[in-house]
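Analysis of the macromolecular model
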Amino acid sequence: MTVPDLPEGYGSLLVEVKERILTARYRALRAVNTELVGLYRDIGEIIARRQEHEGWGRSVVERLATDLQQEFPGIRGFSVQNLWYMRQFYLEYRDSEKLQPLVGEVSWSHNLVIMARCKDPLEREFYLRMTRKFGWSRNVLVHHIENQSYEKTLLGQTNFDRALTPELRAQAKLAVRDEYTFDFLELGEEHSERELERALIARVEEFLRVMGGIFAFVGSQFRLEVGEKEYFIDLLLFHRRLRCLVAVELKIGEFQPEFVGKMQFYLAALDRQERQEEENPPIGIVLCKEKSRTVVEYALQSSISPIGIATYRTVRELPRELRDELPGPEEIARLLEDGE
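For clarity, every value in this text was computed on a predicted model and none was experimentally measured.

Counting secondary structure elements, the protein contains 15 helices and seven strands. Here the protein holds 340 residues, and 44% of them are scored as buried. For the protein, the computed accessible surface area is about 18,800 Å², with 49% contributed by carbon and sulfur atoms.

Structure representation (structure tokens):
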């Protein structure tokens with residue numbers, strides 16, 4: 001069979017149709033998921049109310065599970081354990097008007113993880129919104145909860161309020177954390193910056209997942225030429241949602257104020273030499289072993305380039321002295337809403 005010559009614009013036509021199909025499939029799956037979560041909530045409510053008014057016990061729920069599985073043999077989800085989860089799900093969220101719409105935006109398995117591992121409503125809201133926004137898999141969600149991404153994101157030290165436009169600032173705050181946990185690295189307590197860089201590149205998938213899963217890797221020791229001299233950025237990433245380059249400088253010691261000046265220089269060079277027309281201005285992250293929060297605040301006070309100062313650890317632990325420094329409920333809620 002002879003294939004006819006295709007018009008010049010056929011390639012773009014195919015791409016457009018494929019994107020439309022994928023969008024429709026995503027919307028259909030999302031609608032099915034919302035309906036399923038709503039169904040489970042309704043079943044949970046029926047069980048909870050019958051228990052409250054008629055004194056149902058465990059034996060009744062066990063019988064209900066058996067009958068439902070026999071009645072709907074091709075449908076999963078009606079085990080005894082899952083029926084109890086449905087009841088708990090209803091009880092946990094029945095008084096939360098703000099979270100009720102969000103739970104339908106993520107899968108039932110994601111909801112079970114969040115319900116079991118997060119008890120604070122604002123923490124639950126954070127992970128529900130982040131899962132929906134970034135499409136985290138269940139394993140990635142578990143990873144973020146175990147590494148305390150909620151706390152480490154909201155504690156972040158940046159100058160984004162002054163250096164970024166209102167359209168970008170909330171999204172950038174959610175993208176840069178106060179601390180990153182690289183528990184996948186096989187490094188000794190004493191290591192050089194070059195060793196840290198090579199170890200991160202060798203496990204680049206884990207590295208990007210820890211960074212938030214919405215970054216793409218551009219390169220290491222990224223070369224810039226300014227005034228006939230060469231300069232090298234340790235790691236260069238691209239944030240797909242912010243649509244900007246992200247320069248990462250690795251420091252194995254304590255944060256020093258002069259690190260900000262060096263990063264400002266790199267960001268100015270990236271902005272002039274590497275930024276594409278449709279991209280936003282680059283952002284910098286200085287990643288240190290330790291930092292004084294007061295020194296960081298002073299160092300960022302007069303900086304005009306968007307920079308965040310973070311620390312890294314190789315074990316999963318939020319320093320005890322920071323646990324009481326989380327922003328108040330109003331500030332957290334505002335950040336999450338602005339980051340939509």
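Of all the residues in helix H11 (residues 193-202), the buried ones are Leu196, Glu197, Ala199 and Leu200. All buried residues of H11 fall inside an arc of 165 degrees around its axis, so they share one side. Opposite the buried face of H11, by more than 90 degrees, sit the exposed residues Arg198 and Ala202. The secondary structure elements touched by the buried residues of H11 are helix H12 (204-211), strand E3 (215-226), strand E4 (229-239), strand E5 (244-254) and strand E7 (307-313).

Glancing now at the nonpolar core. Tyr127, Tyr180, Phe182, Leu200 and Phe207 are the most contacted members of the largest nonpolar core, which totals 67 residues. The element contributing the most residues to this core is helix H6 (residues 121-134), with six residues. Lining this core are residues from two domains, each supplying at least three of them: domain 1 (10-148) and domain 2 (159-320). Excluding residues that lie within four positions of it along the chain, tyrosine 127 makes contacts with Ile114, Cys118, Trp136, Leu141, His144, Ile145, Gln148, Ser149 and Tyr150. Listed in part, the 22 residues of the second largest apolar core include Leu224, Ala247, Tyr266 and Val286.

Taken as a whole and judged by the stated rule, the model has 13 aromatic pairs. With 6.5 Å between their ring centres and 10 degrees between their planes, tyrosine 180 and phenylalanine 182 make a pair best called stacked. Pair check on accessibility: tyrosine 180 and phenylalanine 182 agree, each one buried. Arranged with centres 6.1 Å apart and planes meeting at 50 degrees, the rings of phenylalanine 265 and tyrosine 266 form a pair that is tilted. Within the aromatic cluster, the residues linked to one another by ring pairs are Tyr180, Phe182, Phe184, Phe207 and Tyr312. Lying across the ring of phenylalanine 259, lysine 251 places its NZ or CZ 4.8 Å from the centre.

This paragraph deals with empty space enclosed by the protein. Taken as a whole and assessed by the stated rule, the structure comprises two cavities of 30 Å³ or more. In this structure, the largest cavity occupies an estimated 100 Å³ of space. When contributions to the lining of the largest cavity are tallied by element, the ones reaching two or more residues are H6, helix H8 (149-154) and helix H10 (166-175). It is H6 that provides the largest number of residues to the lining of the largest cavity, a total of three residues. A class-by-class count of the residues in the lining of the largest cavity yields nine nonpolar, five polar and one charged.

Attention now moves to the packing of helix H2 (residues 58-71) against helix H3 (residues 80-93). Across the interface, H2 lies against H3 with an axial gap of 9 Å and an inter-helix angle of 115 degrees. By crossing handedness, the relation of H2 to H3 is classed as right-handed. Packed against H2, whose contacting residues are Arg58, Val61, Glu62, Leu64, Ala65 and Leu68, the element H3 presents Val80, Leu83 and Trp84 at the interface. Of the residues that constitute the contact of H2 with H3, the class distribution is seven nonpolar, no polar and two charged.

Our next topic: the pairing of E7. By the criterion of burial, E7 is predominantly enclosed, with six of the seven residues buried. Two strands pair when backbone bridges link them, and strand E1 (residues 157-158) and E7 are joined in this way by two bridges, in the antiparallel orientation. Bridging from a neighbouring strand, glutamine 157 pairs with isoleucine 309 of E7. As defined by bridge partners, strand E6 (residues 283-290) adjoins E7 across five bridges and the pair is classed as parallel. Bridge pairing in E7 places cysteine 288 opposite threonine 311. Note on the crossover from E6 through helix H14 (residues 293-300) to E7: the handedness is right-handed.

Take the packing of helix H5 (residues 108-117) against helix H7 (residues 138-146) next. H7 packs onto H5 with a crossing angle of 15 degrees between their chain directions and a minimal axis gap of 10 Å. The angle between H5 and H7 places the two elements in the roughly parallel class. Note on packing geometry: the crossing formed by H5 with H7 is right-handed. Residues Ser109, His110, Val113, Ile114 and Arg117 of H5 lie in contact with H7, whose contacting residues are Arg138, Leu141, Val142, Ile145 and Glu146. For the contact of H5 with H7, the residue count by class is five nonpolar, two polar and three charged.

Bringing the pattern of salt bridges into the picture now. On inspection of all chains with the given rule, the structure shows 20 salt bridges. Here aspartate 42 makes a salt bridge to arginine 41, at a shortest N to O gap of 3.9 Å. Residue classification places arginine 41 among the partly exposed positions, given a relative accessible area of 22%. Measuring nitrogen to oxygen at the nearest pair gives 3.1 Å for the salt bridge that ties glutamate 92 to arginine 124. A residue pair is termed long-range when its members are at least 10 positions apart, and glutamate 92 in helix H3 and arginine 124 in helix H6 qualify at 32 residues. It is possible to trace a salt-bridge network through shared partners that takes in Arg41, Asp42, Glu45 and Arg49.

Parameters at a glance
Residues numbered from 1 in each chain as written. Predicted model: local features only at pLDDT ≥ 70, side-chain atom pairs only at ≥ 80, totals over all residues. Heavy atoms only, no water. Helix = DSSP H or I, 4+ residues; strand = E, 2+ residues; numbered from the N terminus. Buried < 20%, exposed > 50% of the residue type's maximum accessible area, 1.4 Å probe, protein only. Areas by Shrake-Rupley, 256 points an atom, 1.4 Å probe, with all protein chains shown as cover. Arc of directions from axis to C-beta. Contact = heavy atoms within 4.5 Å. Core = buried A, V, L, I, M, F, W, Y, C linked by side-chain atoms within 4.5 Å. Domains from an automatic or database assignment. Phe/Tyr/Trp six-rings, centres within 6.5 Å; stacked < 30°, edge-to-face > 60°. Lys NZ or Arg CZ within 6 Å of the ring centre and 35° of its normal. 1 Å grid on protein atoms, 1.4 Å probe; cavity = no way out; pocket = protein on both sides within 12 Å on 5 of 7 lines; lining within 4 Å. Points joined across faces, edges and corners; volume = space filled by probe spheres on them. Nonpolar A, V, L, I, M, F, W, Y, C, P; charged D, E, K, R; others polar. Axes fitted to C-alpha atoms, helices over the stretch in contact; angles between N-to-C directions. Left-handed = near helix turned anticlockwise from the far one by under 90°. Pairing = 2+ DSSP bridges. Right-handed = clockwise from strand over helix to strand, strands pointing away. Parallel < 35°, antiparallel > 145°, perpendicular 65-115°, else oblique. Salt bridge = Lys/Arg side-chain N within 4 Å of Asp/Glu carboxyl O.

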